[in-house]
Amino acid sequence: MSWFSGQSQAVIFIRTGDRKGAGTNANVTLILHDESGNKSQHIQLDKWFRDDLERGAEDEYQVTGLPEGFGEIKKIELCRDNYGLASNWHVDLIRIDDHRSGEKKAISFPLQRWIKADKKYIFEEFDSKLPQHDQYTSERKAVLDEAKRLYELVQKVGDSPAQVKNMPDDESFSEDYKFDLAAMKIALIAETKLISLTTIFDGWDSLEDIEAIYQFDLEKPSTIGKWKDDVWFGSQRLNGCNPGLLTLCTEIPSKFGVTDEHVRPFLEGLTINGAIAAKRLFMVDLKILENLPCVENFQVCAPIALFFVNKNDNVVPVAIQLEQHRGPKNPIFLPSDPEYTWLIAKMWYNNADASFHQSCTHLGFTHLMMEGIAVAMHRNLAPSHPMFRLLSSHFLYLIAINTRGLGMLVSEGGWVDKTMTIGRKGMFELIRRGLCEWRLDVDGTLPNQLKARGVDSDGILPTYYYKEDSLPIYYAIKKYVTAIVNIYYDSDEVLKNDHEMQNFGQELVKSKKDGGVGLLGVYGNGSFTKRSDLIMTLTAFIFTCSVSHAAANFSQYEEYAFPPNYPAKLKGVPPRDKSPLVYKDVMNLLPDKSTTLDAIVVTKLLSTRGTNALSDFEVQYLYDPRCTEAVQNFQAELKQLTDMYTERNKSRDYNYDYLNPDKVPNSISI
């Protein structure tokens, strides 16, 4: 029992984890240790007539009887027996509020782990130590050995990214965050009274018929009024859900058949070379899609498109070639072509862009890539490692959403096969191709990625809102990571001697076939000998899980919900000449009603935010006052950015709030 005679000297506060099987009926005892090695008597954590230590519960226990002269509490010793049907116990936090001096002093022990039966555990305040500074080396090794057993890296689909073989129970959604995409989809269809469309495989008669389905929780996308517009088409390259492809044009490749004669009317008096010299000409080359597998009887293009920054600072398309190699059956489509001919060329381009977006920008480069990194973290960094504590908030629910949500979306015959031209086979082939080129030190490091595309200079692409909003957040994350890293590594030598971090780095770069993550471009090639390399690597991880995923994910409904705007699937074949096309040709390209509804409903669900905003952590892992100060500084800087972005959006051509820090989640949780 915890009932002691005498005055209370301290209060033990215990928060049991919110996960399956976390609560316990076992007999639990706790011993307090002071800085001189003195121990308290055994304190039994039990209350008469109360079912305490239950899942997600918070319990308090009074402490009396501490001997006179017992010093400051620095450690706790914890053990439990195997009593009861439910003896397992997961502890989130133990806090001791010591008020012997007359003023409360809180001593925090963020355990965030399972407590096994008949085993003695000793935790120090904050539970945040590098392995070379931890005296409990055997216990730490045992934890990592168990993690390696639970978190096994495998490739699930051919040469796909490394993922966890089987999802550990600890990665499941909490009671407070349930995610069942199938149930959510059924509920949304029922609420919007669109159930009749789920079994209709006829085509649409008109765009107005599609517009009529937006009601109740399916709000009308703003793209309905602007999807035909060239300025909007250009802005999709900058501020849509795939904003990282547009590249400064320095020359026209020989495979691209565009000439001065083609584009002279659209360059405001400039030649192609003049526009290149003025840094007003940009290009996207989707060569990566060439000869990509598709759903049977469907095709995807591998287009090249040329864009120009006009006198109004708008990016507009001036030429589109739908396939890679110039030739008589691969014409250059121009804004001066017949209205529907040009419009349909843009739709086929966007279909290719959408294929890259869903496969690489979204699924491959955020969800799947970060899962492999999260698994490697669990395998190599003990829960007491400060960098484990730094990263864990940004991996929250990642493995769960990939296992539960994507299992349905990307399964054979699932959402991707139904609603996308390329289907799951094309998607995984595209991810494979993308990962052969993607590098953490370029593509995963925002300033370097912008520089590689030639769009890093101030004043270039004045309406590039994604760049404007993402860069300050990147530097805020980097400043935060730098503060945490420097707290624990006061020299490069300390980092070199951290064998857990060195093992983590090596598993990141080890090839997938050899059981690693196979990540290219890791700073230091996975040998972290300089703090600057570790800072850049961890910053890239956190930025990807927060900002990169937010940019790729949360505008999906706005982009995809009106199919002509950003079609994931088009019927028929791409045009091979510039014959005039008509409105009916647009309608004939669009998928049937059932497929359209599927795309609308799922992108609506995927565009919702389920977890807290960046720096507002669902689980507090860092309790050291030096770390909490760094978190507070991070929060303050993000609050300033939120206020600045909110004000800046008022003067933009349209609202771009996807990267407002108060709307960017900490992790990939949907």
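Quick caveat: nothing in here was measured; it's all calculated off a predicted structure.

A. Highlighting the overall build of the chain. Helix and strand counts for the chain come out as 20 helices and 16 strands. For the chain, the C-alpha radius of gyration of 28 Å lies close to 26 Å, the compact-globule estimate for 670 residues. For the chain, the spread of C-alpha atoms along the principal axes amounts to about 95 × 55 × 50 Å. The buried share of the chain, taken over its 670 residues, is 59%. Sequence separation of 24 or more characterises 75% of the internal contacts of the chain that already satisfy a separation of 6 or more. When the accessible surface of the chain is totalled, it reaches about 27,100 Å², and 49% of it is carbon and sulfur. Each charge class in the chain was averaged separately, 75 positive and 91 negative side chains, and the resulting centres sit 3 Å apart.

B. Region of interest: unusual backbone geometry. We note that Q112 has phi near 50°; this positive angle belongs to a residue other than glycine. Residue placement: Q112 occurs in the loop between β7 (105-109) and β8 (113-115). On the basis of relative accessible area, Q112 is assigned to the buried category, the value being 16%. In this structure, Y397 is a non-glycine residue whose phi angle is positive, near 65°. Following the sequence through the fold, Y397 ends up in the loop between α8 (386-392) and α9 (398-409).

C. Quick look at the sheet that holds strand β14 (residues 304-309). Spatial ordering of the open sheet is given by β12-β13-β14-β15-β16, a layout of five strands whose pairing is antiparallel. The sheet is open, and its two edges are formed by β12 (247-248) and β16 (332-333), each paired on a single side. Bridge count for strand β15 (residues 315-321) against β16 is two bridges, and the pairing is antiparallel. The residue of β16 that forms the bridge with I320 is F333. Strands β14 and β15 of the sheet are contacted by helix α4 (residues 230-239), whose axis makes an angle of about 90° with β15.

D. Molecular detail of helix α15 (residues 499-509). Buried residues of α15: E500, M501, Q502, F504, G505, E507 and L508, and no others. Against α1 (137-150), β10 (153-155), α7 (339-380), α8, α14 (492-496) and α16 (531-553) lie the buried residues of α15. For α15, the side-chain oxygen to backbone nitrogen distance between the N-cap and E500 is 3.2 Å, and the N-cap itself is D498.

E. Seen up close, the sheet that holds strand β2 (residues 28-34). The four strands are arranged β3-β2-β5-β9 in an open sheet whose pairing can be described as antiparallel. Two strands bound the open sheet, and with one partner strand each, they are β3 (43-44) and β9 (121-124). Here seven bridges tie β2 to strand β5 (residues 73-80), and the two strands are oriented antiparallel to one another. Bridged to T29 within β5 is C79.

F. Seen up close, the side chain of N565. Within the secondary structure layout, N565 lies in the loop between α17 (556-560) and α18 (583-589). Using a relative accessible area of 1% as the deciding quantity, one classes N565 as buried. Setting aside its immediate chain neighbours within four residues, N565 contacts T223, W227, W232, Q236, N350, E558 and E559.

G. Focus on the pattern of salt bridges. Enumeration according to the criterion identifies 41 salt bridges in this entry. With its nearest N and O atoms 2.7 Å apart, the salt bridge here joins R280 to E268. Residue R280 is located in the loop between α6 (272-277) and β13 (281-285), and its partner E268 is located in the loop between α5 (260-263) and α6; the two are separated by twelve residues in the primary sequence. Residue R280 is classed as partly exposed on the basis of its relative accessible area, which comes to 21%. Classification of E268 as partly exposed rests on a relative accessible area of 38%. D337 is the partner of K578 in a salt bridge, and the nearest nitrogen-oxygen pair spans 2.8 Å. Remark: D337 occurs in the loop between β16 and α7 and K578 occurs in the loop between α17 and α18; sequence separation between them is 241 residues. Given the relative accessible area of 28%, K578 is considered partly exposed. We classify D337 as buried; its relative accessible area is 11%.

H. Up close: the confidence of the model for the chain. Overall, the prediction assigns the chain a mean pLDDT of 93, with 95% of residues at 70 or greater. Scored below 50 in pLDDT, residues 1-5 makes 15 contacts in the model with residues more than four places away or belonging to other chains.

I. The side chain of H33, seen in detail. As for its position among the elements, H33 is in strand β2. Taking relative accessible area as the criterion, H33 reaches 8% and is therefore assigned buried. Of the polar contacts made by the side chain of H33, one reaches the side chain of E77; its length is 2.9 Å. In contact with H33, other than residues within four places in its own chain, are N38, K39, F70, E72, I73, K74, K75, I76 and E77.

J. Representation of the nonpolar core in the model. Core analysis: the biggest nonpolar cluster contains 159 residues, and L289, I373, M387, L461, I484 and F541 have the highest contact counts within it. If you tally residues by element for this core, the top one is α7, at 22 residues. I12, L30, I96 and L111 belong to the second-largest nonpolar core, a separate cluster that totals 26 residues.

K. Broad picture of the pairing of β15. Where burial is concerned, most of β15 is hidden: seven out of the seven residues are buried. Here β14 folds back onto β15, and the loop between the two strands holds five residues, one of which, D313, carries a positive phi near 70°.

L. Quick peek at the pairing of β13. Most of β13 is tucked away: four of the five residues are buried. Bridging between β12 and β13 involves two bridges; their strand directions are antiparallel. The residue bridging L248 from the neighbouring strand is F282, located in β13. Pairing analysis gives five bridges linking β13 to β14, with the strands arranged antiparallel. The partner of D285 across the bridge, within β14, is I304.

M. Focus on the state of the cysteines. Evaluated as defined, the whole model comprises zero disulfides. C360 supplies the cysteine sulfur nearest to C241, a cysteine that is in no disulfide, at a spacing of 13 Å. The exposure class assigned to C241 is buried, which follows from its relative accessible area of 0%. The structure places no disulfide on C436, whose sulfur is separated from the nearest cysteine sulfur, that of C360, by 10 Å.

N. Region of the structure containing the packing of α1 against α7. At a closest axis distance of 7 Å, the pairing of α1 and α7 adopts a crossing angle of 145°. Across the interface between the two elements, L144, A147 and K148 of α1 pack against H378, R379 and N380 of α7. Of the residues belonging to the contact of α1 with α7, the class tally is two nonpolar, two polar and two charged.

O. Structural view of the layout of surface pockets. The volume enclosed by the second largest pocket comes to roughly 920 Å³. Around the second largest pocket, the lining comprises 32 residues; the ones closest to its centre are G244, L245, F356, D443 and Q449. Among the secondary structure elements, those contributing two or more residues to the lining of the second largest pocket are β13, α7, α11 (423-437), α12 (446-452) and α16. Per-element accounting of the lining of the second largest pocket gives the leading share, five residues, to α16.

Cut-offs applied
- Residues numbered from 1 in each chain as written.
- Predicted model: local features only at pLDDT ≥ 70, side-chain atom pairs only at ≥ 80, totals over all residues.
- Heavy atoms only, no water.
- Helix = DSSP H or I, 4+ residues; strand = E, 2+ residues; numbered from the N terminus.
- Rg over C-alpha atoms; globule rule 2.2 N^0.38 Å.
- Buried < 20%, exposed > 50% of the residue type's maximum accessible area, 1.4 Å probe, protein only.
- Contact = heavy atoms within 4.5 Å.
- Areas by Shrake-Rupley, 256 points an atom, 1.4 Å probe, with all protein chains shown as cover.
- Lys, Arg positive; Asp, Glu negative; His and termini not counted.
- Charge placed at Lys NZ, Arg CZ, Asp CG, Glu CD.
- Pairing = 2+ DSSP bridges.
- Axes fitted to C-alpha atoms, helices over the stretch in contact; angles between N-to-C directions.
- Polar contact = N/O pair within 3.5 Å; in protein donor to acceptor, adjacent residues only side chain to side chain.
- Salt bridge = Lys/Arg side-chain N within 4 Å of Asp/Glu carboxyl O.
- pLDDT = per-residue confidence, 0-100.
- Core = buried A, V, L, I, M, F, W, Y, C linked by side-chain atoms within 4.5 Å.
- Disulfide = S-S within 2.5 Å.
- Nonpolar A, V, L, I, M, F, W, Y, C, P; charged D, E, K, R; others polar.
- 1 Å grid on protein atoms, 1.4 Å probe; cavity = no way out; pocket = protein on both sides within 12 Å on 5 of 7 lines; lining within 4 Å.
- Points joined across faces, edges and corners; volume = space filled by probe spheres on them.

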